[in-house]
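# Residue-level structure breakdown
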Amino acid sequence: MEATVFISHGSRNEHGNNVFVTFIEKVISTGKSPYASYGFLENARPSIFEAVEACILKGASSITVVPVLLLPGIHASVDIPEELERVRQKYSDIKIYYGQPIGINEKILEIVMDRLKKHSFKGMDSETILLVGHGSRDPLAADEFEKLAERVRKDVQSNVDTAYITTQPFYGEKILVSQSSSRIYILPFLLYTGGFTAKIEETVKNVLIQHPEKEIVLCEPVGFDDRLGGVLLQRVDEARPR
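Reference entry: report on the structure contained in this document. Treat the numbers as computed from the prediction; the structure is a model and nothing was measured.

Attention now moves to the pairing of strand S6 (residues 159-164). With 6 bridges connecting them, strand S5 (residues 127-133) and S6 associate as parallel partners. Across the sheet, threonine 128 pairs through a bridge with asparagine 159, a residue of S6.

Here's what the structure looks like:
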């Protein structure tokens, strides 16, 4: 029996984890796998080992694991594979295939543009977009993030820039140096809402207190948008051997 396991990072915020579960259960209901489940890298249960082992105990002989992450990075390339290696050591006869993160694609671009347009974004040269990512020690994550910025630039006349929460260049610094004559749209390139989105909101408030001349619009994060479901199912098909 083939099985599929979708792995999310997990949030310290229980509501965020519940949002993911609702989203991924909908994805599972539209997929073709006879058995599918989900797990978390940290902060929630089931763990990766528990989720994969549950499939094995139900009779799965091959399991496709797909990381529900927006970009490649340490979590996708190191942390999740290390947990899967633990499974392989205990169940050496089980075939485990590993897929790619969501990545930059037309659906992601569509969601980003929708988040901007919801706040009356026109794509004019008097507007600036600041895409804010989490940040990663893996340079591949930054490369992919810049690909997104380049894709957006092709569709708008606005200035499009990138910044991060945990690594340089920091988004707060980019906001401060932005031109006061330009309306700046900040778009958190994140799946989960919670601590990081609250931090961005607080930063924006503080900047506006110090610089009331600035016009800053904080958009909704990418989030677990239903349109990502099809991308995840595509990642499942890509990971399985032909």
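Now that the structure has been shown, we can carry on.
A separate point is the nonpolar core. Membership of the largest hydrophobic core comes to 43 residues, with the highest contact counts inside it found for Phe20, Val112 and Phe189. Counting residues per element, this core draws most heavily on helix H4 (residues 106-117), at 6 residues. Discounting residues that sit within four places of it in the chain, valine 112 has contacts with Leu131, Leu148, Val152, Leu187, Phe189 and Val222. Within the second largest apolar cluster, 21 residues are counted, among which are Ile7, Ile48, Ala51 and Val52.

Let us look at the sheet that holds strand S3 (residues 62-67). On the basis of which strands lie adjacent, the open sheet formed by 4 strands has the order S2-S1-S3-S4 and parallel pairing. Bordering the open sheet on either side are strand S2 (35-40) and strand S4 (95-98), each of which pairs with just one other strand. The sheet shows a mean angle of 25° between the axes of neighbouring strands, direction not considered. The sheet contacts of helix H1 (residues 14-30) involve strand S1 (2-8) and S2, and relative to S2 the element is tilted by about 160°. On the sheet, helix H3 (residues 74-90) packs against S1, S3 and S4 and is oriented at approximately 175° with respect to S4.

Within helix H2 (residues 48-57), 7 of the 10 residues are buried, which leaves it mostly tucked inside the rest of the structure. What H2 keeps buried is the set Ile48, Phe49, Ala51, Val52, Glu53, Cys55 and Ile56. Those residues of H2 that are buried lie in contact with S1, S2, S3 and H3. Note on H2: the residue one or two positions beyond its end, glycine 59, has a positive phi of about 110°.

Attention now moves to unusual backbone geometry. The residue after arginine 45, namely proline 46, is reached through a cis peptide bond having omega 5°. Looking at the element boundaries, proline 46 is found in the loop between S2 and H2. Of the consecutive residues glutamine 168 and proline 169, the connecting peptide bond is found in the cis state with omega at -5°. Considering the arrangement of structural elements, one finds proline 169 in the loop between S6 and helix H6 (171-177). Even without a glycine there, the phi angle at asparagine 43 is positive, about 75°. Of note, asparagine 43 is situated in the loop between S2 and H2. In this model, serine 120 sits at a positive phi of 65°, which is unusual for a non-glycine residue. Relative to the helices and strands, serine 120 resides in the loop between H4 and S5.

Here helix H7 (residues 195-210) contains 16 residues, and its C-alpha end-to-end distance of 23 Å stays within 8% of the 22 Å for a straight helix at 1.5 Å per residue. Those residues of H7 not exposed but buried are Thr197, Ile200, Thr203, Val204 and Val207. When H7 is viewed along its axis, its buried side chains cluster within an angular range of 120° and face the same direction. Seen from the open side of H7, the exposed residues pointing more than 90 degrees away from its buried face are Gly195, Ile209 and Gln210. At its buried positions, H7 is contacted by S5, H6, strand S7 (183-188) and strand S8 (215-218).

Scanning the model with the defined rule gives 9 aromatic pairs in all. Members of the aromatic cluster, each reached through a chain of ring pairs, are Phe20, Phe23, Tyr38, Phe40, Tyr192 and Phe224.

Our next topic: the packing of H1 against helix H8 (residues 228-239). H8 packs onto H1 with a crossing angle of 60° between their chain directions and a minimal axis gap of 10 Å. Put simply, H1 runs oblique to H8. The two elements H1 and H8 meet at a crossing, and its hand is right-handed. Between H1 and H8, the residues in contact are Phe23, Ile24, Val27 and Thr30 and Leu228, Gly229, Leu232 and Leu233, respectively.

Rules behind the numbers
- Residues numbered from 1 in each chain as written.
- Predicted model: local features only at pLDDT ≥ 70, side-chain atom pairs only at ≥ 80, totals over all residues.
- Heavy atoms only, no water.
- Pairing = 2+ DSSP bridges.
- Helix = DSSP H or I, 4+ residues; strand = E, 2+ residues; numbered from the N terminus.
- Core = buried A, V, L, I, M, F, W, Y, C linked by side-chain atoms within 4.5 Å.
- Buried < 20%, exposed > 50% of the residue type's maximum accessible area, 1.4 Å probe, protein only.
- Contact = heavy atoms within 4.5 Å.
- Axes fitted to C-alpha atoms, helices over the stretch in contact; angles between N-to-C directions.
- Expected span 1.5 Å × (residues − 1).
- Arc of directions from axis to C-beta.
- Phe/Tyr/Trp six-rings, centres within 6.5 Å; stacked < 30°, edge-to-face > 60°.
- Parallel < 35°, antiparallel > 145°, perpendicular 65-115°, else oblique.
- Left-handed = near helix turned anticlockwise from the far one by under 90°.

Functional significance is not addressed by these values, which are geometric in nature.
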